[in-house]
Every structure is written in structure tokens, then in C-alpha cells.
Amino acid sequence: MISGIGLDIVELDRIAKLEEKSGKFAARVLTHSETAIYRSLSGHRRTEFLAGRFAGKEAFSKARGTGIGADCNFTDIEIIPEPSGKPRLYFKGSTVSGFISITHTKKIAAAQVILEA
Ligand SMILES: CC(C)(COP(=O)(O)OP(=O)(O)OC[C@H]1O[C@@H](n2cnc3c(N)ncnc32)[C@H](O)[C@@H]1OP(=O)(O)O)[C@@H](O)C(=O)NCCC(=O)NCCS
């Protein structure tokens, strides 16, 4: 049974500026495993990855119905690709029963999450 859905869209420029300005935005959003992937990327693909994770985490928080907050930090949520590239969701170290899909263009990234009960 579907227990929640969440959708989020974000501008790549905004994400790139946030990271350039503070140098801490990626660390605030990404887990250690995600950071390792992020650091292996460069240029546009790097921003795309960060923006996609940000959108995915906001979409997950909406599907949960809590939003991002004390009980659901960005780093509580982890989105790791399977060998095929398909992203898989984890929350506080456990596999999430549900699905995530991420997309990007030159200007935006978006993500959709569906949770199962
Ligand atoms: C829910 C959350 C993810 C909304 O994100 P947002 O980027 O501010 O807003 P969006 O435009 O993507 O989404 C807004 C919609 O989310 C929905 N929403 C709000 N709270 C929600 C909740 N608890 N559960 C599910 N959906 C929720 C609403 O439908 C809202 O639209 P509406 O007010 O017109 O009905 C919120 O937890 C949040 O603001 N997180 C950002 C926290 C943060 O630290 N950002 C860093 C930026 S530098």
C-alpha cells in the first residue's frame, strides 16, 4: 500500500551558489558515502549530483509528511545507486520501503519518492 508521495524540484544555479558561498552546503546535505561519490565527480555532473540528492531528500521528507527537520535531517537520508545506476533510499541506516526517481536537465534537478507501508 502506498503510504506517502513526495516531489521536489531545484535549480542547479541555486545549489552551485550555495556550495560556492559557504563551502559547507554539500557537507550539510550528503552522507559520507554520498560525499565519496560527489568527490569523484567534476564540473556540471558534480552540481547535478548534489542537486539531485537535495531534491531526493526533500521529496522523501514530503513523502514521510514531516519535511526536513530535527527528526529528519538531510544526513539521516541516504540515496545510493545500485550497480545499474538505479537509486536506492536509506533512512537512519535502514533500507526504506519505497521508491525514488531522480532527473536533471542543464538547469534543474527533480525527484519523486513513493513510500510503501
Ligand atoms: C517540506 C519541505 C521539504 C519544503 O521544501 P521547500 O523547498 O520549502 O518548498 P517546496 O516548494 O519544495 O514545497 C512546498 C510544498 O511542500 C508541501 N509540504 C509542506 N510541508 C510538508 C510536509 N510536512 N509533508 C509533506 N509535504 C509538505 C506543501 O504542499 C507545500 O506547498 P503549499 O504550502 O503550497 O501547500 C521543508 O521541510 C523545507 O523547507 N525543507 C528545506 C530545509 C532546508 O534546510 N533547506 C536548505 C536550503 S539552503
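Residues numbered from 1 in each chain as written. Predicted model: local features only at pLDDT ≥ 70, side-chain atom pairs only at ≥ 80, totals over all residues. Heavy atoms only, no water.

## A few points about the packing of aromatic side chains
Filter applied, for reference: Only the six-membered ring of Trp is used, alongside the rings of Phe and Tyr, when aromatic pairs are assigned; centres must lie within 6.5 Å, and planes under 30 degrees apart are stacked while those over 60 apart are edge-to-face, with the rest tilted. The helix count covers DSSP runs of H or I at least four residues long, the strand count covers runs of E at least two residues long, and both are numbered beginning at the N terminus. Classification of residues uses two cut-offs on accessible area relative to the type maximum, computed with a 1.4 Å probe and protein chains only: under 20% is buried, over 50% is exposed, and between them is partly exposed.
Here the structure, examined in full by the defined rule, presents 3 aromatic pairs. Here F60 and F91 contribute two aromatic rings whose centre-to-centre distance is 5.3 Å and whose plane-to-plane angle is 45°, an arrangement assigned as tilted. Linking F60 in helix α4 (residues 43-64) with F91 in strand β3 (residues 87-91), this pair joins segments that are 31 residues apart in sequence. Here F60 and F91 have matching classes, each one buried. Members of the aromatic cluster, each reached through a chain of ring pairs, are F25, F54 and F74.

## A look at the packing of helix α3 (residues 32-40) against α4
Our working definition: A fitted line through C-alpha atoms represents every axis, and for helices the fit uses only the stretch in contact; the resulting angles, taken between N-to-C directions, go from 0 to 180 degrees. Oblique is the label for any angle not under 35 degrees, not over 145, and not in the 65 to 115 range, which are roughly parallel, roughly antiparallel and roughly perpendicular in turn. Crossing handedness is defined as follows: a turn of the near helix away from the far one that is anticlockwise and smaller than a right angle gives a left-handed crossing, while the clockwise case is right-handed. Any pair of residues with heavy atoms lying within 4.5 Å of one another is described as a contacting pair. All residues other than Ala, Val, Leu, Ile, Met, Phe, Trp, Tyr, Cys, Pro, Asp, Glu, Lys and Arg, Gly among them, are scored as polar; the first ten of these are nonpolar and the last four charged.
Axis separation between α3 and α4 bottoms out at 8 Å; the angle between their running directions is 155°. The angle between α3 and α4 falls in the class roughly antiparallel. The chirality of how α3 crosses α4 is right-handed. Between α3 and α4, the residues in contact are E34, I37, Y38 and R39 and R46, F49, L50, R53 and K57, respectively. Within the contact of α3 with α4, the residues separate by chemical class into 4 nonpolar, no polar and 5 charged.

## Re α4
Because each turn of an α-helix spans 3.6 residues, side chains separated by three or four positions in sequence point in the same direction. What counts, and what does not: Helix span, expected: 1.5 Å multiplied by one less than the number of residues in the helix.
End to end, α4 covers 32 Å across 22 residues, agreeing with the expected 32 Å (1.5 Å per residue, within 8%). Two residues or fewer after α4 comes G65, characterised by a positive phi angle close to 90°.

## Things to note about the site of the ligand
Heads up, the rule is: Proximity is defined per residue: any heavy atom of the residue falling within 4 Å of a molecule or strand makes that residue near it. Definition of a polar contact: a pair of N or O atoms within 3.5 Å, with one able to donate and the other able to accept a hydrogen when the atoms are protein atoms, and with sequence-neighbouring residues admitted only if both atoms are side-chain atoms. Only the protein chains shown count as cover for residues, and the accessible areas themselves come from Shrake-Rupley with a 1.4 Å probe.
The environment of the ligand is made up of D8, R14, L18, R28, E58, S61, K62, G65, T66, G67, I68 and F74. E58 has a polar side-chain atom sitting 3.1 Å from a nitrogen atom of the ligand. Residue K62 places a side-chain N or O atom 2.7 Å away from an oxygen atom belonging to the ligand. For the ligand, the protein covers 44% of the area, taking 940 Å² as the surface of the free molecule. The element contributing the most residues to the shell around the ligand is α4, with 3 residues. Across the shell around the ligand, the residue classes tally to 3 nonpolar, 4 polar and 5 charged.

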